[in-house]
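Residue strings, one per chain:
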Amino acid sequence: MISTRVVFALLIINKAGGLIYTRTFAPGLQRLDSNDYLILAGTFHGIHAISRSINPAPPPPSSTTTNNPSSSTNSLPTHTPAPPPPAPSSTAGNPTRKRPHTTGIESLESSHFRLTCFQSPTGVKFLLFTSPEQPNTDVVVRRCYEMYGDYVMKNPFYSLEMPVRVEKFERAVGGYLVRP
Amino acid sequence: MSVYSFYIFDRHTECIYSKRFTQQPSPPRTTNPAASTLPNGGTTVPASLRQANKDSDDAKLVFGTVFSLRRMCRQLGGVDDQFLSYRTAEYKLHYLETPTQLRLVLLTSPQVGNMRTVLHQIWATLFVEYVVKSPLAPTEHQGGRGVGNELFEEGLERFMQQQQQQQ
């Protein structure tokens, strides 16, 4: 019996929008050449940024945001040092308040596949292409992030922002995502 | 669920209808005094005009996003693949393209499910009935002419209220 739950591909985009890793695990997506993948990564990087700026949701009421930090500091009186708390509260109370930080595209659905995007705090994006039926894609993509941390970032011979050519990472990702 | 905004784009990529269902915060009022004290004051743009500019810019950005994502989906999934929706932590964008290349875009809160049927209903029961069949509406809606008529506006308003109550 053929399962319909498949991971098609994994792409890693560095913080400048360059493609540093691509690997296909199962057929199902169209075959693209490496140049097309590079263009795709750059395009997605741009759209991700735009999707943050077109956020139509009204910001949460400012009164609650100004109250929250004070209540949280009250609950942890000994832990927070004195100087930092005034700074965030003053920016929150500022009339020209900034919009809260938005995440950008987290998941995209089309009729043939689903794309789950995970952005690390340092701006590296993990794009996981799966079939629409695949559950728990956010867990899978986080696991890939952990592997990247373990095998790529801890590799002393890896230079930052460069294409990932790490054999251990290849093996780990393959063992995790390729179906037997 | 809450609906944030709704856009219709025609086949010439022009935004022929847009509607916002939420009030945007009005920082211009608070920043205006500060802006007038700046050396480049004097050329202050009225808040209403700035809002209109921002709305049209937003519509262009929405179209650009949708257009690129649709192209990306076609490239990866094959020619018959359709872009359906994307989700961020703050909102979700739903997309429907009709055979006449009319594009309907709906932005809602992120928790809602598939809104494709809803968009299709808007197109079939509101757009076709009140705009396409209207004898006063031109075939090409340049600059949104003939789209924002009373019946369509009213129908859309009622339809959205129904949706928000249902969910």
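The shown structure was predicted, so the numbers you read here are calculated from the model rather than taken from an experiment. (Residues numbered from 1 in each chain as written. Chains lettered and ligands numbered in written order. Predicted model: local features only at pLDDT ≥ 70, side-chain atom pairs only at ≥ 80, totals over all residues. Heavy atoms only, no water.)

Engineer: How should I be thinking about the overall build of chain B in this particular structure?
Structural biologist: Along its length, chain B carries four helices and five strands. Counted from the first residue to the last, chain B has its helices and strands arranged as β-β-α-α-β-β-β-α-α. Per-residue burial over chain B gives 41% buried out of 167 residues. Taking all contacts inside chain B whose residues are at least 6 apart in sequence as the whole, residues at least 24 apart take part in 52%. Carbon and sulfur atoms make up 53% of the accessible area of chain B, which amounts to about 8,800 Å² in all. (Helix = DSSP H or I, 4+ residues; strand = E, 2+ residues; numbered from the N terminus. Buried < 20%, exposed > 50% of the residue type's maximum accessible area, 1.4 Å probe, protein only. Contact = heavy atoms within 4.5 Å. Areas by Shrake-Rupley, 256 points an atom, 1.4 Å probe, with all protein chains shown as cover.)

Engineer: Any chance you could explain helix 2 (residues 47-77) of chain B here in plain terms?
Structural biologist: Since one α-helical turn is 3.6 residues long, residues separated by three or four positions face the same way. Spanning 31 residues, helix 2 of chain B covers 44 Å between terminal C-alpha atoms, matching the ideal 45 Å at 1.5 Å per step. Residues of helix 2 of chain B that are buried: Asp58(B), Ala59(B), Val62(B), Phe63(B), Thr65(B), Val66(B), Leu69(B), Arg70(B), Met72(B), Cys73(B), Leu76(B) and Gly77(B). (Expected span 1.5 Å × (residues − 1).)

Engineer: It is not clear to me how the nonpolar core should be interpreted in this structure. Could you clarify?
Structural biologist: Taken as a class, soluble globular proteins show a tendency for nonpolar side chains to be buried jointly. The biggest cluster of nonpolar side chains holds 41 residues, and the ones touching the most others in it are Leu108(A), Phe113(A), Phe129(A), Phe83(B), Tyr86(B), Leu93(B) and Val105(B). Top element by residues in this core is helix 2 of chain B. It accounts for eight residues. When residues no more than four places from it in sequence are discounted, the contact partners of Leu108(A) are Phe113(A), Arg114(A), Leu115(A), Leu69(B), Cys73(B), Phe83(B), Ser85(B) and Tyr86(B). (Core = buried A, V, L, I, M, F, W, Y, C linked by side-chain atoms within 4.5 Å.)

Engineer: Got a minute to help me understand the state of the cysteines in this structure?
Structural biologist: Where two cysteines share a covalent bond between their sulfur atoms, that bond is called a disulfide. All names here are of chain A. Scanning the model with the defined rule gives zero disulfides over all chains in all. The thiol sulfur of Cys144 is not disulfide-bonded, and the nearest other cysteine sulfur, from Cys117, lies at 12 Å. Judged by relative accessible area, Cys144 falls into the buried class, the value being 0%. (Disulfide = S-S within 2.5 Å.)

Engineer: Which parts of the structure should I look at to understand the interface of chain B and chain A?
Structural biologist: Size of an interface: often given as the accessible area lost when the parts come together. Contacts between the two partners involve 34 residues from chain B and, on the opposite side, 36 residues from chain A. In total, chain B and chain A occlude about 3,000 Å² of area from one another, counting both sides; carbon and sulfur atoms represent 65% of this. Area buried by chain B at its contact with chain A is led by Met72(B), Gln75(B) and Leu76(B), which between them contribute 22% of it. Glu106(A) serves as the salt-bridge partner of Arg87(B), at 3.1 Å between the closest nitrogen and oxygen. Remark: the boundary between chain B and chain A carries 13 residue pairs in polar contact (both at pLDDT 80 or more). Of all the elements, helix 2 of chain B adds the most residues to the side of chain B that touches chain A, at 11 residues. Partitioned by chemical class, the residues of the side of chain B that touches chain A number 14 nonpolar, 14 polar and six charged. Two strands pair when backbone bridges link them, and strand 3 (residues 107-110) of chain A and strand 3 (residues 83-87) of chain B are joined in this way by four bridges, in the antiparallel orientation. Along strand 3 of chain B, the bridge assignment pairs Glu109(A) with Ser85(B). (Buried area = accessible area lost by both parts, 1.4 Å probe. Salt bridge = Lys/Arg side-chain N within 4 Å of Asp/Glu carboxyl O. Polar contact = N/O pair within 3.5 Å; in protein donor to acceptor, adjacent residues only side chain to side chain. Nonpolar A, V, L, I, M, F, W, Y, C, P; charged D, E, K, R; others polar. Pairing = 2+ DSSP bridges.)

Engineer: Is there a simple way to think about unusual backbone geometry in this case?
Structural biologist: Most peptide bonds take the trans form, and the phi angle of most residues other than glycine is negative. Here the phi dihedral of Glu161(A) falls at roughly 65°; this positive angle occurs in a residue that is not glycine. Of the residues examined, Glu161(A) reaches a relative accessible area of 31% and is grouped as partly exposed. You will see that Gln101(B), though not glycine, has its phi angle at about 60°, which is positive. Position of Gln101(B) relative to the elements: it lies in the loop between strand 4 (92-97) and strand 5 (103-108). Accessibility expressed as a relative area gives 37% for Gln101(B), which makes it partly exposed.

Engineer: I tried to follow the pattern of salt bridges on my own but got confused; where do I start?
Structural biologist: The tally for this structure, following the rule as stated, stands at 15 salt bridges over all chains. In this structure, Arg143(A) engages Glu146(A) in a salt bridge whose closest nitrogen and oxygen atoms are separated by 3.1 Å. Of this pair, Arg143(A) and Glu146(A) both sit in helix 4 (residues 137-153), three residues apart, roughly one helical turn. For Arg143(A), a relative accessible area of 33% translates into the label partly exposed. Take Glu146(A): its relative accessible area is 45%, and that puts it in the partly exposed class. Ionic pairing is found between Arg20(B) and Asp58(B), a salt bridge with its closest N-O pair at 2.9 Å. Of the two residues, Arg20(B) sits in strand 2 (residues 15-20) while Asp58(B) sits in helix 2, which places them 38 residues apart along the sequence. On the basis of relative accessibility, which here comes to 22%, the residue Arg20(B) falls in the partly exposed class.

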